[in-house]
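Structural features, examined
Each chain, letter by letter, is given below.
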Amino acid sequence: MLASATTVDEARWLEAHGADAVIAQGLEAGGHRGHFLSDDLSLQLGTCALLPQVVRAVRVPVIAAGGIADAAGVAAAQALGAAAVQVGTAYLLCPEAQTSPLHRQALQSDAAHHTALTNVFTGRPARGIVNRAMRALGQGSVGWCPVAPAFPLAASAMAPLRSAAEQAGRSDFTPLWAGQAAPLCRPMPAGELTRALASGWRA
Ligand SMILES: Cc1cc2nc3c(=O)[nH]c(=O)nc-3n(C[C@H](O)[C@H](O)[C@H](O)COP(=O)(O)O)c2cc1C
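In short, a report on the structure.

Tallying secondary structure elements over the protein chain gives seven helices and seven strands in all. Moving toward the C terminus, one meets the helices and strands of the protein chain in the order β-α-β-β-α-β-α-β-α-β-β-α-α-α. In terms of overall dimensions, the protein chain is globule-like: its C-alpha atoms have a radius of gyration of 17 Å, near the 17 Å expected for 203 residues. Along the longest, intermediate and shortest principal axes, the C-alpha atoms of the protein chain span 50 × 40 × 25 Å. Across the 203 residues of the protein chain, 46% fall into the buried class. Long-range contacts, defined as pairs at least 24 residues apart, comprise 62% of the intrachain contacts of the protein chain with a sequence gap of at least 6. When the accessible surface of the protein chain is split by element, carbon and sulfur atoms take 56% of a total near 10000 Å².

Strands sit in the order 3-7-6 across an open sheet of three strands; the sheet is antiparallel. Each edge of the sheet is formed by a strand with only one pairing partner; in this case those strands are strand 3 (31-32) and strand 6 (115-118). Pairing geometry for strand 6 and strand 7 (residues 126-129), over four bridges, is antiparallel. If you follow alanine 116 over to strand 7, its bridge partner there is glycine 128.

What counts, and where the lines are drawn
- In every chain, residue numbers begin from 1 and rise along the written sequence.
- Given that this is a predicted model, residues contribute local features only at a pLDDT of at least 70 and side-chain atom pairs are listed and counted only at 80 or more, while totals for whole chains, interfaces and linings are drawn from all residues.
- The side-chain numbers reported here are obtained from all heavy atoms of the structure, hydrogens and water having been left aside.
- Per the convention used, a helix needs a DSSP run of H or I reaching at least four residues, while a strand needs a run of E reaching at least two, with both numbered from the N terminus.
- A radius of gyration in this sense is built from C-alpha atoms; the matching globule rule multiplies 2.2 Å by the number of residues raised to 0.38.
- Buried means the residue's accessible area, taken with a 1.4 Å probe over protein chains only, is under 20% of the maximum for its type, while exposed means over 50%, and partly exposed covers the values in between.
- Whether two residues are in contact is decided by their heavy atoms, any of which lying within 4.5 Å being enough.
- Residue burial considers only the protein chains on display, and all accessible areas are found by Shrake-Rupley using a 1.4 Å probe.
- Paired strands are those between which DSSP finds at least two bridges.

Structure, rendered in structure tokens:
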């Protein structure tokens, strides 16, 4: 059994409950956060800080996730003690991925340089490319709305706006899940990307 940990405490909890390996999910990662012991996002660390701490804290293999999008990132994760890497964002432009045309467009635009954690699309924290909904509904920080409907109800609250905007060819109200490495995304077949990533791993 594999599961994500966003803190050292979560990694220890997973090991104690029988995980065969732990995924250390850094704050850079795209999409929903995997936290489960605390909703306090200030406890969550970036990959370079989280990974070596988790490696020291548990005996099971640790899989690095968050911000890894090229061979150098893979090599860095291995140097920090990872037994393997998990990559999400870098695959979003692969032809095999079911990424929508609007999402692909955002990933290849300047907008991809600014991602943030948001709860406005589903009610649970997730990282995506900042868009109009995240700016308009964010209070205090971009993408963060203290009164967002609880997970998963925010998605249905947003659905009519999202649908109307998408029909007009706009991603203003669409979740554009992506991690901080989004600008490193390149359109290429998944096999080619996997071989490029694997070239950073020292056997
Ligand atoms: C489009 C997308 C959706 C994701 N959805 C989830 C999710 O629902 N739950 C979760 O724990 N992680 C989710 N993730 C995070 C991945 O499991 C993984 O930890 C992450 O992609 C690694 O970081 P990276 O995106 O920087 O490569 C998602 C990632 C992406 C890119």
